[in-house]
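Given next are the chains, with one letter for each unit.
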Amino acid sequence: MNKKITIFLKVIVSFGIISFLVNQVDFTKIIDILKNVDILIITYALIFLSIQVFVATLRWQFVLKCQNMSLDYKDTFQILWSGLFFNQVMPSSVGGDVIRGYYLKKQGVTLGKATLGVLMDRLFGMLGLVILVVASLPILFELVDEPIAHMGVLLIALGISLVLLVAFFTDKLPGNFGHLKLIRGFYALSQGARHCIVKRYNGLIILIISILIHLISVVAVMIIALGLGLNIEWSGFLLMVPLVGLMMVVPISIAGWGVREGVMVVGYGYLGVAPESALALSILYGLSMLVVALPGGIIWMLKRSHQAPIKK
């Protein structure tokens, strides 16, 4: 019952925010913008978002290797893309993570190690996102002359940074709560993540790949904006796209719908972009991510139920 209530609330948030935005703008202008989209340029954006999946697979391979799990690229790719599909189509934002953990367990990995393999990948993805957001703060102060916006972004960046700091050092916090099963899991995540960072050059490689993944998103949104005929400076994308990604991590909506649109309309509004243009850009970006995730559903359906165990 609690899960149903949570899903219902997420649906309400997504449709509520989108409905509010639609009622605040001239929807006919949005339709006109979308009608004039350059399909060829949008295709380029889809190609970049597809490349992002291949790069994300490489990062996950490095994360799994840190836990002494050797999974070939093809299997890692299939599991990851299947997870992306469920992240987009399931009401729960962790649906894709469950799928990834499930298939890792099917490979002969223990449930604990499979869970850590997925959570650590999420953790490093978040770390790369925060690094980009912090790095783009000078752009914020240059482009946006609004103290409230400055304070809001700074608080968000500080809050997420503190969460990451706790995640990486939970086992070092005062008090011993190792007798609690849930806390033991957090301890294992912290220890595993730190080990992954200091193990040879793995940590640096994973961080570089994480940042690259989010930069691909920036480029993809720039291309979509070009296809819509929008004139936005590149620095605006470098500022807004990571921030949008950071806000979408908060599990309060369906696959980020509504939250993404709200942040993009407000954020690009500070950069002088009309709300209709920002909303059209956000909708097309969301649809593009959905299109790229769809092959993961086909992979999931065709995937063989029995697979060889991972070498451990």
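Values in this document were obtained by computation on a predicted structure and should not be read as measured data.

Conventions we followed
- Residues numbered from 1 in each chain as written.
- Predicted model: local features only at pLDDT ≥ 70, side-chain atom pairs only at ≥ 80, totals over all residues.
- Heavy atoms only, no water.
- Helix = DSSP H or I, 4+ residues; strand = E, 2+ residues; numbered from the N terminus.
- Rg over C-alpha atoms; globule rule 2.2 N^0.38 Å.
- Expected span 1.5 Å × (residues − 1).
- Buried < 20%, exposed > 50% of the residue type's maximum accessible area, 1.4 Å probe, protein only.
- Arc of directions from axis to C-beta.
- Contact = heavy atoms within 4.5 Å.
- Core = buried A, V, L, I, M, F, W, Y, C linked by side-chain atoms within 4.5 Å.
- Axes fitted to C-alpha atoms, helices over the stretch in contact; angles between N-to-C directions.
- Parallel < 35°, antiparallel > 145°, perpendicular 65-115°, else oblique.
- Left-handed = near helix turned anticlockwise from the far one by under 90°.
- Nonpolar A, V, L, I, M, F, W, Y, C, P; charged D, E, K, R; others polar.

Peer 1: Hey, could you run me through the overall build of the protein in this one?
Peer 2: Of the regular secondary structure elements, the protein holds 13 helices and 0 strands. Element order for the protein, N to C, with α for helix and β for strand: α-α-α-α-α-α-α-α-α-α-α-α-α. Here the protein has a C-alpha radius of gyration of 20 Å; the compact-globule value for 312 residues is 20 Å, and the two agree. Structurally, the protein occupies a C-alpha span of about 55 × 45 × 45 Å along its principal axes.

Peer 1: I tried to follow helix 8 (residues 147-168) on my own but got confused; where do I start?
Peer 2: One turn of the α-helix equals 3.6 residues, which is why residues spaced by three or four share an orientation. Across its 22 residues, helix 8 extends 31 Å between first and last C-alpha, which sits within 8% of the 32 Å expected from 1.5 Å per residue. Inspection of helix 8 places Ala149, His150, Val153, Ala157, Leu164, Ala167 and Phe168 among the buried residues, and these make up the whole buried set. All buried residues of helix 8 lie within an arc of 130° about the axis, which places them on one face of the element. Facing away from the buried surface of helix 8 by more than 90 degrees, the exposed residues are Pro147, Ile148, Leu155 and Val163.

Peer 1: I keep staring at unusual backbone geometry and nothing clicks. Help me out?
Peer 2: Glycine aside, residues mostly have negative phi angles, and peptide bonds mostly take the trans form. At Asn68, a position not held by glycine, the phi torsion is positive, near 60°. When its relative accessible area of 52% is taken as the criterion, Asn68 is described as exposed. The phi angle at Ala255 is positive, at roughly 50°, despite the residue not being glycine. With respect to the secondary-structure elements, Ala255 resides in the loop between helix 11 (234-248) and helix 12 (259-270). Judged by its relative accessible area of 14%, Ala255 falls in the buried class.

Peer 1: How do you make sense of the environment of Asn202 when you look at a structure like this?
Peer 2: Mapped onto the elements, Asn202 comes out in helix 10 (residues 202-227). Relative accessible area serves as the criterion here: at 14%, Asn202 is assigned to the buried category. Separated by 136 residues in the primary sequence, Asn202 and Cys66 have C-alpha atoms spaced 7.7 Å apart. Among residues more than four places away in sequence, those in contact with Asn202 are Phe62, Cys66 and Cys196.

Peer 1: Would you take a moment to explain the nonpolar core for this structure?
Peer 2: Buried together is how nonpolar side chains tend to be arranged in soluble globular proteins. Within the largest apolar cluster, 82 residues are counted, with the highest numbers of intra-cluster contacts made by Phe124, Phe237, Tyr268 and Leu281. If you tally residues by element for this core, the top one is helix 3 (residues 39-66), at 12 residues. Apart from the residues lying within four places of it in its own chain, the contact partners of Tyr268 are Val221, Ile232, Gly236, Phe237, Met240, Val241, Val263, Val273, Ala278 and Leu281. Val144, Ala149, Val153 and Leu243 belong to the second largest nonpolar core, which has 8 residues in total.

Peer 1: Looking at this structure, how should I read the packing of helix 3 against helix 6 (residues 111-135)?
Peer 2: What describes two packed helices is the angle between their axes and the distance between those same axes. Running from N to C, helix 3 and helix 6 point in directions that differ by 125°, and their axes come no closer than 9 Å. As judged from the angle between their axes, helix 3 and helix 6 are oblique. Crossing handedness for the pair helix 3 and helix 6: right-handed. Every residue of helix 6 that contacts helix 3 at Arg59, Trp60, Val63 and Leu64 is listed here: Gly117, Val118, Met120, Asp121, Phe124 and Gly125. The residue makeup of the contact of helix 3 with helix 6, split by class, is 6 nonpolar, 2 polar and 2 charged.

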